[in-house]
Amino acid sequence: LLGSGEHAVHKLLMMMNNKGTMMPGVINKAYMKKFKPLVEEGSVYIIANVRVTQAARKYRPVENDKVLNFLPTTT
């Protein structure tokens, strides 16, 4: 989580697909109230309606050039 409390910018998650490929996932501040109570560490979820974009070059927590972004329509 970058920042804290009301000053948080976004929440960074580590996602893994069914083949074991790791990808960072981002919940922007605007959507945290909706998703934060629904996401627990170590849990497995099937998610839909996300945006996959190019990852920033300066920070890549895993060897993947993509990042998964939660949207207001993510389920």
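In what follows, the structure referred to is the one given above.
Residues numbered from 1 in each chain as written. Predicted model: local features only at pLDDT ≥ 70, side-chain atom pairs only at ≥ 80, totals over all residues. Heavy atoms only, no water.

## Things to note about the layout of surface pockets
Filter applied, for reference: The rule is simple: put a 1 Å grid over the protein atoms alone, call a set of points where a 1.4 Å probe fits but cannot get out a cavity, call an open set with protein on both sides within 12 Å along at least five of seven lines a pocket, and count a residue as lining if it has an atom within 4 Å of a point. Grid points are joined across faces, edges and corners, and a volume is the space filled by probe spheres set on the points. Only runs of H or I of at least four residues qualify as helices and only runs of E of at least two qualify as strands under DSSP, and these elements are numbered from the N terminus. When residue character is reported, Ala, Val, Leu, Ile, Met, Phe, Trp, Tyr, Cys and Pro are called nonpolar, Asp, Glu, Lys and Arg charged, and the others, Gly included, polar.
By volume, the largest pocket is sized at about 800 Å³. Residue lining of the largest pocket: 27 residues in total, with Met14, Met15, Met16, Tyr45 and Ile47 positioned closest to the centre. Taken together, the elements giving at least two residues each to the lining of the largest pocket come down to strand 1 (10-16), strand 2 (22-28) and strand 4 (66-70). For the lining of the largest pocket, the element with the most residues is strand 1, which contributes 5 residues. In terms of residue class, the lining of the largest pocket is made up of 16 nonpolar, 7 polar and 4 charged.

## What to know about the nonpolar core
This is how it is decided: As used here, the term nonpolar core means buried Ala, Val, Leu, Ile, Met, Phe, Trp, Tyr and Cys residues forming a set that is joined through side-chain atoms within 4.5 Å. Burial classification: accessible surface area is computed with a 1.4 Å probe over protein chains only, and a residue below 20% of its type maximum counts as buried, one above 50% as exposed, and the rest as partly exposed. Only heavy atoms enter the contact rule, under which two residues are in contact if any of them lie within 4.5 Å.
By size, the foremost hydrophobic cluster in this structure holds 8 residues: Leu13, Met15, Met23, Ile27, Met32, Phe35, Leu68 and Phe70. Residue assignment for this core shows that the elements contributing at least two residues are strand 1, strand 2, helix 1 (29-35) and strand 4. Excluding residues that lie within four positions of it along the chain, leucine 13 makes contacts with Met23, Pro24, Gly25, Ile27, Val39 and Phe70.

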